[in-house]
Amino acid sequence: MAIIGVRIDGRLIHGQVANLWGSKLNVGRFMVVDDDVAQNDVEKSGLKMATPSGSKLSVLPVEKAAANINAGKYDSQRLFIVAKRPEPLLRLVEAGVNIDEINVGNMSRTDDTTSITKSINVVQEDVDTFKKLEEHGVNLVNQMVPADTPKKFMPLLEEKFK
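Keep in mind the model is a prediction, meaning the values are calculated, not measured.

Undergrad: Where do I start with the sheet that holds strand S2 (residues 29-33) in this structure?
TA: The strands making up a sheet associate through hydrogen bonds between their backbones, and the pairing can be parallel or antiparallel. If you trace the 7 strands from one edge of the open sheet to the other, you get S3-S2-S4-S1-S5-S8-S9, paired in mixed fashion. Two strands bound the open sheet, and with one partner strand each, they are strand S3 (56-60) and strand S9 (151-152). In this structure, strand S5 (residues 101-104) lies alongside strand S8 (residues 139-142), joined through 3 bridges in parallel fashion. What sits directly across from Glu 101, in S8, is Asn 139.

Here is the structure:
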């Protein structure tokens, strides 16, 4: 399996993901997993521009991403998966994709969210999804940039949702 990183980041591919994580992990292909973005040509165009030269980009709905990964399509590449929220990643895991760890990065604040950290804001559906991911044995960490020390994410979440 060629998955070298999985990150939740509401901004998807941007400077921090493309340059810091991409360089640190020597990413060969960025994969955005999002049913809506996969159908949006404007968003896909922006993501293509944000992808570093020398790296490939796939923007796929969950079902297609799972099928491609499970078929070994990316086994010879260094694959970095990005999703806006945890739900698409849970669907990948439930479809048989082996994800050992998810880095919970930036989840934007809205009127409906509860702040977990300065940059992670969740709704109850996200909390439920994180618990299901943990039940599947996925390690959840919070690490904004490669230079930061990763922190276990579930204790941060449980502190707010006792």
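Undergrad: Would you take a moment to explain the packing of helix H5 (residues 124-135) against helix H6 (residues 153-160) for this structure?
TA: Any two packed helices are characterised by the angle at which their axes cross and by the distance between the axes. Look at H5 against H6: their axes get within 11 Å of each other, and the N-to-C directions meet at 140°. Between H5 and H6, the angle is such that the two are oblique. Between H5 and H6 lies a crossing whose hand is left-handed. The residues of H6 that touch H5, namely those facing Val 127, Phe 130, Lys 131 and Glu 134, are Phe 153, Met 154, Leu 157 and Glu 158. Its residues assigned to classes, the contact of H5 with H6 comprises 5 nonpolar, no polar and 3 charged.

Undergrad: Mind showing me how you'd approach H5 here?
TA: For an α-helix, 3.6 residues make a turn, and residues three or four places apart therefore share a direction. Spanning 12 residues, H5 covers 17 Å between terminal C-alpha atoms, matching the ideal 16 Å at 1.5 Å per step. Taken together, the buried positions of H5 are occupied by Asp 126, Val 127, Thr 129, Phe 130 and Leu 133. Along the long axis of H5, the arc covered by the buried residues comes to 165°, so they all point the same way. Facing away from the buried side of H5, by more than 90 degrees, are the exposed residues Glu 125 and Glu 135. Positive phi appears at Gly 137, one or two residues downstream of H5, with a value of about 85°.

Undergrad: Where do I start with the pairing of strand S4 (residues 79-83) in this structure?
TA: Both faces of the sheet carry side chains from a regular strand, because those side chains alternate between them. Most of S4 is tucked away: 5 of the 5 residues are buried. Note that strand S1 (residues 3-8) and S4 share 5 bridges and pair parallel. Each residue of the ladder has a partner; that of Ile 3, found in S4, is Leu 79. Where S2 and S4 come together, 4 bridges link them in parallel fashion. In the strand pairing of S4, Met 31 is matched with Ile 81.

What counts, and where the lines are drawn
Residues numbered from 1 in each chain as written. Predicted model: local features only at pLDDT ≥ 70, side-chain atom pairs only at ≥ 80, totals over all residues. Heavy atoms only, no water. Pairing = 2+ DSSP bridges. Helix = DSSP H or I, 4+ residues; strand = E, 2+ residues; numbered from the N terminus. Axes fitted to C-alpha atoms, helices over the stretch in contact; angles between N-to-C directions. Parallel < 35°, antiparallel > 145°, perpendicular 65-115°, else oblique. Left-handed = near helix turned anticlockwise from the far one by under 90°. Contact = heavy atoms within 4.5 Å. Nonpolar A, V, L, I, M, F, W, Y, C, P; charged D, E, K, R; others polar. Expected span 1.5 Å × (residues − 1). Buried < 20%, exposed > 50% of the residue type's maximum accessible area, 1.4 Å probe, protein only. Arc of directions from axis to C-beta.

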